[in-house]
Amino acid sequence: MSLINEIDKNKIPKHVAIIMDGNGRWAKAKGKARLKGHQAGANSVKSSIEVCSELGIKFLTVYAFSTENWNRPKSEILGLMDLLVGTIDKELKEIKNNNIKISVIGDISKLDTFVQKKLKLAVEETKNNDALNFVVALNYSGRWDIINACKNIAQDCKANILDPEKIDENTFKSYLSTNDIPDPELLIRTSGEERISNFLLYQLAYSELYFTPRFWPDFSKEEFYKAIINYQNRERRFGKISEQLT
Ligand code: IPE
Ligand code: IPE
Ligand code: MG
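The residue numbers shown here count from 1 along each chain, following its written sequence. Labels are handed out in written order, letters beginning with A for the chains and numbers beginning with 1 for the ligands. Only residues with pLDDT of at least 70 are given local features in this predicted model, and only at 80 or more are side-chain atom pairs given and counted; all residues enter the totals for whole chains, interfaces and linings. Water and hydrogen atoms play no part in the side-chain values, which are based on all heavy atoms of the structure.

(A) Spotlight on the packing of aromatic side chains. Aromatic pairing here means that ring centres of Phe, Tyr or Trp (its six-membered ring) are within 6.5 Å. Orientation follows from the plane angle: under 30 degrees is stacked, over 60 is edge-to-face, and everything else is tilted. For the structure shown, the criterion picks out 9 aromatic pairs. Ring geometry for Tyr206 against Phe238: centres 5.0 Å apart, planes inclined by 50°, an arrangement best described as tilted. Residue Tyr206 is located in the loop between β5 (186-189) and β6 (208-211), and its partner Phe238 is located in the segment after α7 (221-232); the two are separated by 32 residues in the primary sequence. Relative accessibility under 20% of the residue-type maximum defines a buried residue, over 50% an exposed one, and the middle range a partly exposed one, all with a 1.4 Å probe and only protein chains included. Classification of Tyr206 as partly exposed rests on a relative accessible area of 49%. Phe238 sits in the partly exposed class, given a relative accessible area of 46%. One aromatic cluster is present, formed by Tyr63, Tyr140, Trp144 and Phe199 through successive ring pairs. Only DSSP runs of H or I covering at least 4 residues are called helices, and only runs of E covering at least 2 are called strands; the numbering of each starts at the N terminus.

(B) Layout of the pairing of strand β3 (residues 101-105). By the convention used here, strands pair only if DSSP detects at least 2 bridges between them. One ladder, built from 5 bridges, connects β3 with strand β4 (residues 133-140); its direction is parallel. The partner of Ile105 across the bridge, within β4, is Ala137.

(C) Main features of the site of ligand 2. We call a residue near a molecule or strand as soon as one heavy atom of that residue lies within 4 Å of the molecule or strand. Taken together, Ile19, Met20, Asp21, Tyr63, Ala64, Phe65, Ser66, Asn69, Arg72, Arg189, Arg195 and Ser197 make up the full set of residues near ligand 2. Asn69 places a polar side-chain atom, nitrogen or oxygen, 2.9 Å from an oxygen atom of ligand 2. Arg72 is positioned with one of its side-chain polar atoms (N or O) 3.3 Å from an oxygen atom of ligand 2. In this description, accessible areas are obtained by the Shrake-Rupley approach with a 1.4 Å probe, and a residue is regarded as covered only by the protein chains that are shown. Relative to its unbound accessible area of 390 Å², ligand 2 is 77% covered by the protein chains. When residues of the shell around ligand 2 are assigned to their parent elements, the largest contribution, 4 residues, is made by strand β2 (residues 59-66). Counted by class, the shell around ligand 2 contains 5 nonpolar, 3 polar and 4 charged residues. Here a polar contact is recorded for every N or O atom pair within 3.5 Å, except that within protein the pair must consist of a potential hydrogen donor and a potential acceptor, and residues adjacent in sequence are included only if both atoms are side-chain atoms. Polar here means any residue outside two lists: the nonpolar Ala, Val, Leu, Ile, Met, Phe, Trp, Tyr, Cys and Pro, and the charged Asp, Glu, Lys and Arg; Gly therefore counts as polar.

Here's what the structure looks like:
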């Protein structure tokens, strides 16, 4: 029986963020090249999107390439970029049919132009869709996001557009790459690693963290349901005591 029946439909998170980790180890365990792991991982992205559509999760953010991932072998970086472009080519039609909006966070100006072009096309062609917002973090890091926000805030202060005295959490949020996206209630990381690896540092302040030993290519729909059920059994206190929550 599917775990979907155990999910409380009244407690669905609005935003789930995922650190998709373990593609390389998945491949290695099977005696395959790392790129095979990344290819298999693309199927897990697809099934995660399906879960979000089924459950009515409005935002799904996936960490696809970090600023630190530039330190990997060139061949792997190229393989990842090719996979990204190939996946958009293959899936864009269905994404459009399913009313899914694609967004990108991160500094994509550093990506090859053929990748940038494909991303811009995917964003442009889905911009009016409003079922699920699928957010891809590419050349992204949490520190980059915060520093970039600070730069733009400083510039606006200098130009007298912004009064430094008036900067509050709402102002700051509006300068982040996630300005129009609510903070994630749930962060999932696969592969057994239990760290944030420079993902959404500011936005994860109060997220529930869920770690699973499964490698990303093995993160099935049932695994996603399991994560949601686990999240629904957490008590989110936001600094209060249990008795104050009703
Ligand atoms: C995650 O899997 C995918 C990316 C970082 C692009 P990894 O490639 O990090 O897999 P492991 O951690 O080496 O197993
Ligand atoms: C985090 O995974 C980045 C992505 C999933 C894109 P990594 O595999 O790069 O993280 P570390 O190096 O283990 O922290
Ligand atoms: Mg990894």
